[in-house]
Amino acid sequence: MAVAYQNNVYVVNHPLVQHKLTLMRRKDASTNTFRRLLRELASLMAYEVTADMPLSDIEIETPLEKMMSPVMDGKKLVLVSILRAGTGLLDGMLDVVPGARVGHVGLYRDPKTLTAVEYYFKMPQEMNERHVIVVDPMLATGNSAVAAVDRIKELHPKSIKFVCLVGCPEGVKAMQTAHPDVPIYAASIDRQLNDHGYILPGLGDAGDRIFGTK
Ligand code: URA
């Protein structure tokens, strides 16, 4: 149940997704509640973003007879978490695709320029044989997402998708300008960025809310 927001940008408007996002946005949601909802929401987003993953038939035996039946090769899938808030989305996605490999990109936002500075990059082997889903709860300036995808593209994966909870027109534009070939999946595209690089109305600092650091 993903509707096109614009070319290659999909908003997952399933009622469960929208309901959970509303609960997460509330400023009085506890760290525990926020984290649990994020995990549940991530599983629902994983369901949408893997909808066109390739299947191959394998032979199995039911209690009655042999049959060819389709499976998705989870190992061909790499979930790439943009540290640190991406971790919050990762767990819920792994609940649904437990065989997926995991990569990490460590980027921090320079508080003055808001540009992304890389401090960590670790991917599985043979990325050229894998489909990548990059996860970060917030698509704000888009700088981190663009920088992460820049680096991942150097490894020539079969495909790349980007999943966030909340995006904004500025972040979508940045990603679409730099990487028009990368589909974006979001639970909401909010109104705008503020001068500090936060999304309005948004849900605040996702990392702080996941880890209880504020
Ligand atoms: N990162 C966040 O955690 N929240 C925002 O609103 C923007 C960037």
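Scroll up to find the structure.
Read on for a plain summary of the structure. (Residues numbered from 1 in each chain as written. Predicted model: local features only at pLDDT ≥ 70, side-chain atom pairs only at ≥ 80, totals over all residues. Heavy atoms only, no water.)

## Brief notes about the sheet that holds strand β13 (residues 188-189)
Consideration 1: Spatial strand order, β9-β11-β13: 3 strands in an open sheet with parallel pairing. At either end of the open sheet lies a strand with only one pairing partner, and these are β9 (138-139) and β13.
Consideration 2: Note: β9 against strand β11 (residues 166-167), 2 bridges, orientation parallel. Within β11, the residue paired with Met138 across the bridge is Val166. (Pairing = 2+ DSSP bridges. Helix = DSSP H or I, 4+ residues; strand = E, 2+ residues; numbered from the N terminus.)

## A closer look at helix α5 (residues 169-178)
Every α-helix carries 3.6 residues per turn, so stepping three or four residues along brings you back to the same face.
Consideration 1: Looking at α5, one finds that the buried residues are Gly171, Val172, Met175 and Gln176. Around the axis of α5, the buried residues are gathered within 125° of arc, so they sit on the same side. In α5, the exposed residues that point more than 90 degrees away from the buried face are Lys173 and Thr177. (Buried < 20%, exposed > 50% of the residue type's maximum accessible area, 1.4 Å probe, protein only. Arc of directions from axis to C-beta.)

## Structural notes on the layout of surface pockets
Over the atoms a probe the size of a water molecule is rolled, and this reveals where empty space is left.
Consideration 1: If you add up the space inside the largest pocket, you get close to 580 Å³.
Consideration 2: As for the largest pocket, its lining consists of 28 residues, and the residues nearest its centre are Ala85, Arg109, Asp136, Ser144 and Asp205.
Consideration 3: Secondary-structure elements contributing two or more residues to the lining of the largest pocket are β5 (77-83), β6 (101-109), β9, α4 (143-153) and α6 (206-211).
Consideration 4: Taken together, the residues of the lining of the largest pocket break down into 16 nonpolar, 8 polar and 4 charged. (1 Å grid on protein atoms, 1.4 Å probe; cavity = no way out; pocket = protein on both sides within 12 Å on 5 of 7 lines; lining within 4 Å. Points joined across faces, edges and corners; volume = space filled by probe spheres on them. Nonpolar A, V, L, I, M, F, W, Y, C, P; charged D, E, K, R; others polar.)

## What to know about the site of the ligand
Consideration 1: Taken together, the residues surrounding the ligand are Arg109, Met138, Ala140, Gly197, Tyr198, Ile199, Gly204, Asp205 and Ala206.
Consideration 2: Residue Gly204 places a main-chain N or O atom 2.8 Å away from a nitrogen atom belonging to the ligand.
Consideration 3: Here the ligand has 240 Å² of accessible area as a free molecule, and 89% of this is covered by the chains.
Consideration 4: Applying the majority rule of atoms within 2 Å of the grid points places the ligand in the largest pocket.
Consideration 5: Of the residues in the shell around the ligand, the class split is 5 nonpolar, 2 polar and 2 charged. (Near = heavy atom within 4 Å. Polar contact = N/O pair within 3.5 Å; in protein donor to acceptor, adjacent residues only side chain to side chain. Areas by Shrake-Rupley, 256 points an atom, 1.4 Å probe, with all protein chains shown as cover. Sits in = over half its atoms within 2 Å of the grid points.)

## Focus on helix α2 (residues 31-49)
Consideration 1: For α2, spanning 19 residues, the distance from its first C-alpha to its last is 26 Å, which sits close to the expected 27 Å at 1.5 Å a residue.
Consideration 2: Within α2, the full set of buried residues consists of Phe34, Leu37, Leu38, Leu41, Ala42, Ser43, Met45, Ala46, Glu48 and Val49. (Expected span 1.5 Å × (residues − 1).)

## Examining the pattern of salt bridges
Consideration 1: Scanning the model with the defined rule gives 11 salt bridges in all.
Consideration 2: When the shortest N-O distance is used, the salt bridge between Glu40 and Lys20 registers 2.7 Å. Separated by 20 residues along the polypeptide, Glu40 in helix α2 and Lys20 in helix α1 (residues 15-25) bring together distant segments of the chain.
Consideration 3: Its relative accessible area of 15% is what places Lys20 among the buried residues.
Consideration 4: A salt bridge links Glu154 to Arg151; the nearest nitrogen and oxygen atoms lie 2.9 Å apart.
Consideration 5: We classify Glu154 as partly exposed; its relative accessible area is 48%.
Consideration 6: Ionic contacts of the salt-bridge type, sharing partners, join the residues Lys20, Arg36 and Glu40 into one network. (Salt bridge = Lys/Arg side-chain N within 4 Å of Asp/Glu carboxyl O.)

## Considerations on the side chain of Ser69
Consideration 1: Relative to the helices and strands, Ser69 is located in strand β4 (residues 66-72).
Consideration 2: Taking relative accessible area as the criterion, Ser69 reaches 16% and is therefore assigned buried.
Consideration 3: Setting aside residues no more than four positions away along its own chain, Ser69 makes contact with Ser56, Asp57, Ile58 and Ile60. (Contact = heavy atoms within 4.5 Å.)

## Section: the sheet that holds strand β7 (residues 116-122)
Through backbone hydrogen bonds, the strands of a sheet pair up, either in parallel or in antiparallel fashion.
Consideration 1: What the 8 strands build is an open sheet, ordered β1-β2-β12-β10-β8-β5-β6-β7; its pairing is mixed. Of all the strands in the sheet, the pair left with one neighbour each is β1 (2-6) and β7. Strand after strand, the sheet turns through a mean of 25° between neighbouring axes, direction not considered.
Consideration 2: Bridge count for β1 against strand β2 (residues 9-12) is 4 bridges, and the pairing is antiparallel. Residue pairing in the sheet places Val3 in a bridge with Val11 of β2.
Consideration 3: Running at roughly 145° to strand β12 (residues 184-186), α2 makes contact with β1, β2, β8 (131-135), β10 (159-163) and β12 of the sheet. (Axes fitted to C-alpha atoms, helices over the stretch in contact; angles between N-to-C directions.)

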